[in-house]
Amino acid sequence: MIEEGAGAVVDGLARDRRVVGVHDAVDEAHEHPLRHELGLHLHDRLLVHENRTVGPPHELGQGSEERLQEYADLIAIALGNAVDRARLDSHAATDHLTGMPNHRAFRQRLADEVARARRHDRPLTVALVDIDGFRELNDSAGLEIADDVLAEVGRRLGRAVREEDVLARMGGDEFGVIFVESDRHEALLVADRARRSVAEAPLRHRLRATISIGLCALEAATSEDELLRRADAALY
């Protein structure tokens, strides 16, 4: 790739200052998923596109540079489109206030983790977390301050759970946690740590908050929906 982001034909990659990360790019290109999407295959110094082989300009006939430039432009466009799609996918799966996965991403991950836990007969526990009295806080303090509180609670939850656990904002003042490889007792210990981390120190604007947490272990449910229903019922 060229630093400016445009397609270009280069003869002598290692010597061209415009080329960034050539060796890494070439090494990774053989395994890169875009290789199949673009119909590209690398064979040493040759590039094969749609069963047509092209190579360094000095090894090809008249008009080869123009043809290679067309290929380079098409590849740059395709790569740009792929990057845009990946950015949109990430955007659609992220809660913009907290930076956490959103409800959609949580449900997708939950389905994957439940399938994995059942396949390998491993424990898994799900928690739902509500901020107590959040609606009243929203009404009395205003949306901006309530959002600050919600974001701070999310950060404290993130510091309390383990790196391997999955924390997401489900919507409103509700968070979800997938405790990977954890039975209910293990998850309860982490949940209690999270509860104390929120309650024991003032939040922004010198406000205080508490949270309620409902847990359900995989062994107590027959589906992801039942896991969430039981965890939600345990909140109250």
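Figured I'd write up the structure that's included with this text. Just so you know, these numbers come straight off a predicted model, no measurement behind them.

### Observations concerning the side chain of Thr125
You can see Thr125 is positioned in strand 4 (residues 124-131). Engagement of the side chain of Thr125 in a polar contact is seen with the backbone oxygen of Ser182, the distance being 2.9 Å. If near-sequence neighbours (up to four positions away) are discounted, Thr125 is found in contact with Val177, Ile178, Phe179, Ser182, Asp183, Arg184, Ala187, Leu215, Cys216 and Ala217.

### Describing empty space enclosed by the protein
Counted by the stated rule, this structure contains one cavity of 30 Å³ or more. The computed volume of the largest cavity comes to approximately 40 Å³. Lining the largest cavity are Ala127, Val129, Leu157, Val161, Val177, Phe179, Ala191, Ala194 and Ile213. Sorting the residues of the lining of the largest cavity by element identifies strand 4, strand 6 (174-180) and helix 7 (184-199) as the ones contributing at least two each. Partitioned by chemical class, the residues of the lining of the largest cavity number nine nonpolar, no polar and no charged.

### Side note on the side chain of Glu226
Locating Glu226 in the fold gives a position in helix 8 (residues 224-233). Once residues within four sequence positions are removed from consideration, Glu226 is found in contact with Ala220 and Ala221.

### What about the environment of Ala217?
Structurally, the position occupied by Ala217 is in strand 7 (residues 211-217). A relative accessible area of 8% means that Ala217 is categorised as buried. For the pair Ala217 and Leu227, spaced ten residues apart in sequence, the C-alpha to C-alpha distance is 7.3 Å. Among all residues touching Ala217, those that are not within four sequence positions of it are Leu124, Thr125, Arg184 and Leu227.

### Examining the environment of Arg184
Within the secondary structure, Arg184 is located in helix 7. Linking Arg184 and Leu215, residues 31 residues apart in sequence, is a C-alpha distance of 7.3 Å. Residues contacting Arg184, with those up to four places away along its chain left out, are Thr125, Leu215 and Ala217.

### Here's the deal with the pairing of strand 7
Counting buried residues along strand 7, five of its seven residues qualify, which places the element largely inside the surrounding structure. With seven bridges connecting them, strand 4 and strand 7 associate as antiparallel partners. Across the sheet, Val126 pairs through a bridge with Cys216, a residue of strand 7.

### A few points about the sheet that holds strand 5 (residues 166-171)
Within a beta sheet, neighbouring strands are joined by backbone hydrogen bonds and run either parallel or antiparallel to one another. Read from one edge of the open sheet, four strands run 5-6-4-7, paired in antiparallel fashion. Because the sheet does not close on itself, it has two edges, and the strands there are strand 5 and strand 7. Along the sheet, successive strands turn relative to each other by an average axial angle of 20°, direction set aside. As paired elements, strand 4 and strand 6 share seven bridges and run antiparallel to each other. Bridge pairing in strand 6 links Thr125 to Phe179.

### A closer look at the nonpolar core
Ranked by internal contacts, the top residues of the largest apolar core, which has 25 residues, are Ile131, Val153, Leu157, Phe175, Val177, Phe179 and Ile211. Going through the elements one at a time, strand 4, helix 5 (134-141), helix 6 (143-160), strand 6, helix 7 and strand 7 are the ones with two or more residues in this core. At six residues, helix 6 tops the list of elements feeding residues into this core. Membership of the second largest hydrophobic core comes to 19 residues, among which are Val114, Ala117, Leu227 and Leu228.

### Focus on helix 6
A rise of 1.5 Å per residue sets the reference length of helix 6, with its 18 residues, at 26 Å; its end C-alpha atoms lie 26 Å apart and thus fit the reference within 8%. If you check which residues of helix 6 are buried, you get Ala146, Asp148, Val149, Leu150, Ala151, Glu152, Val153, Gly154, Arg156, Leu157 and Ala160. Those residues of helix 6 that are buried lie in contact with strand 4, helix 5, strand 5, strand 6, helix 7 and strand 7.

What counts, and where the lines are drawn
Residues numbered from 1 in each chain as written. Predicted model: local features only at pLDDT ≥ 70, side-chain atom pairs only at ≥ 80, totals over all residues. Heavy atoms only, no water. Helix = DSSP H or I, 4+ residues; strand = E, 2+ residues; numbered from the N terminus. Polar contact = N/O pair within 3.5 Å; in protein donor to acceptor, adjacent residues only side chain to side chain. Contact = heavy atoms within 4.5 Å. 1 Å grid on protein atoms, 1.4 Å probe; cavity = no way out; pocket = protein on both sides within 12 Å on 5 of 7 lines; lining within 4 Å. Points joined across faces, edges and corners; volume = space filled by probe spheres on them. Nonpolar A, V, L, I, M, F, W, Y, C, P; charged D, E, K, R; others polar. Buried < 20%, exposed > 50% of the residue type's maximum accessible area, 1.4 Å probe, protein only. Pairing = 2+ DSSP bridges. Axes fitted to C-alpha atoms, helices over the stretch in contact; angles between N-to-C directions. Core = buried A, V, L, I, M, F, W, Y, C linked by side-chain atoms within 4.5 Å. Expected span 1.5 Å × (residues − 1).

Taken by themselves, the reported measurements are silent on function.
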